[in-house]
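# An overview of the molecular structure
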Amino acid sequence: MSTRPTRPYGRTQLPGAYPRKPYPTAPPQPLNLSSARRAHAAAKATNGNPSNITGQNRADDTLQHLVDELKSLGPLDEEDRVMLQRLSEIRAADSVRESYHREAAVLEHAMAEAPQRERYARLRDAAAAKLRAVQEQKEKDAREQREKQLREQRERDVQKAMERAQREQWEALRRAALQRDGEWRAAQLEEERAKIAREVQERLAQENRVRTICELYELKWDQLKTNQELSDTIHFEEFPFPVLAILHADPTDITYERVRDFIFCPLRDTIEGKTPKEIIRTELLRWHPDKFDTLIRHKMAKADWERTKDAAGLVTRYVTKLMSEV
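Residues numbered from 1 in each chain as written. Predicted model: local features only at pLDDT ≥ 70, side-chain atom pairs only at ≥ 80, totals over all residues. Heavy atoms only, no water.

### A few points about a negative patch on the surface
Taken together, the side chains of Asp141, Glu144, Glu147 and Asp222 present a region of like negative charge at the surface. Here the negative patch takes 3 residues from helix α3 (residues 78–178), the largest share from any one element. Its location among the elements puts Glu144 in helix α3. (Patch = residues over 30% accessible without salt bridge, like charges linked within 9 Å, V, L, I, M, F, W, Y side chains within 5 Å. Areas by Shrake-Rupley, 256 points an atom, 1.4 Å probe, with all protein chains shown as cover. Salt bridge = Lys/Arg side-chain N within 4 Å of Asp/Glu carboxyl O. Lys, Arg positive; Asp, Glu negative; His and termini not counted. Charge placed at Lys NZ, Arg CZ, Asp CG, Glu CD. Helix = DSSP H or I, 4+ residues; strand = E, 2+ residues; numbered from the N terminus.)

### A few points about the packing of aromatic side chains
Within this structure, the stated rule accounts for 12 aromatic pairs. Between Trp221 and Phe239 the ring centres are 6.0 Å apart and the planes differ by 80 degrees, which places this aromatic pair in the edge-to-face class. Remark: Phe239 occurs in the loop between α4 (183–226) and α5 (256–263) and Trp221 occurs in helix α4; sequence separation between them is 18 residues. Exposure class is identical for Trp221 and Phe239. Each is buried. Ring centres of Phe236 and Phe241 lie 5.4 Å apart, and the angle between their planes is 50 degrees; on these two criteria the pair is classed as tilted. Overall, the relative accessible area of 0% leaves Phe236 in the buried class. Relative accessible area serves as the criterion here: at 2%, Phe241 is assigned to the buried category. (Phe/Tyr/Trp six-rings, centres within 6.5 Å; stacked < 30°, edge-to-face > 60°. Buried < 20%, exposed > 50% of the residue type's maximum accessible area, 1.4 Å probe, protein only.)

Structural data, given as structure tokens:
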């Protein structure tokens, strides 16, 4: 009986065996004489040709039955041994093919689900980004609303104080005028009242201007620390230096007296309840050279960086001198 060698992959000569992809050659299996005898006997009983074995004849239960029948026939001849070898190869190939198809099915299932998982991840990231944007917008609106309310309340307080001061001055002048006779004295009192009113107005305006400068100083520094979108946009003239001026033309505008007057200005809301050392320590941390360079350099306009750096060095020296004096 001639046997045809099995191929390790591709379409085999056995009916019903069509692997999807090439698979490695099965390892050699030990000979099973019982299975071989039963298969040989079944083949002879059906059509007399032991080489015509269908796909169902290769099932484990059927092969075992055939081998048992083959053993009952007595000693194996050459044809029986050939059949035994064929059955052993068939069982090994079936085992490898079944394992390969299971692994291929798992891989195909994972590949089919990969686009859906990626789409879900993209949707999840987009939703998270949108939620963060909405939250940031809400926080920004709330912060602007608080700042607006504080500004309006401060303006109302200033207006009330101004009106109260004017009424008090006018009442004092009116009582003094009542004690004196003559239109000339009354005219003088009226002129004095107007002068006092102008002085009060100018003093309140000056205090309001100084308070605004102090608030802008703190607000600009908060923006420098928190706003990551600032890049190469800030100019020297608008940088928040600790002096009572909104704009600066040159580093020479930064003097020791002006820095001292600003740092200890009683109209600064942020220094209330603090000792002089605590106030100066806060400014030292803010103007520390290393931290200043890391935080501010990339946010300044390139043409103004050197002037800003020089002015910052002056501020650092003046603040350090103040620390040694308190």
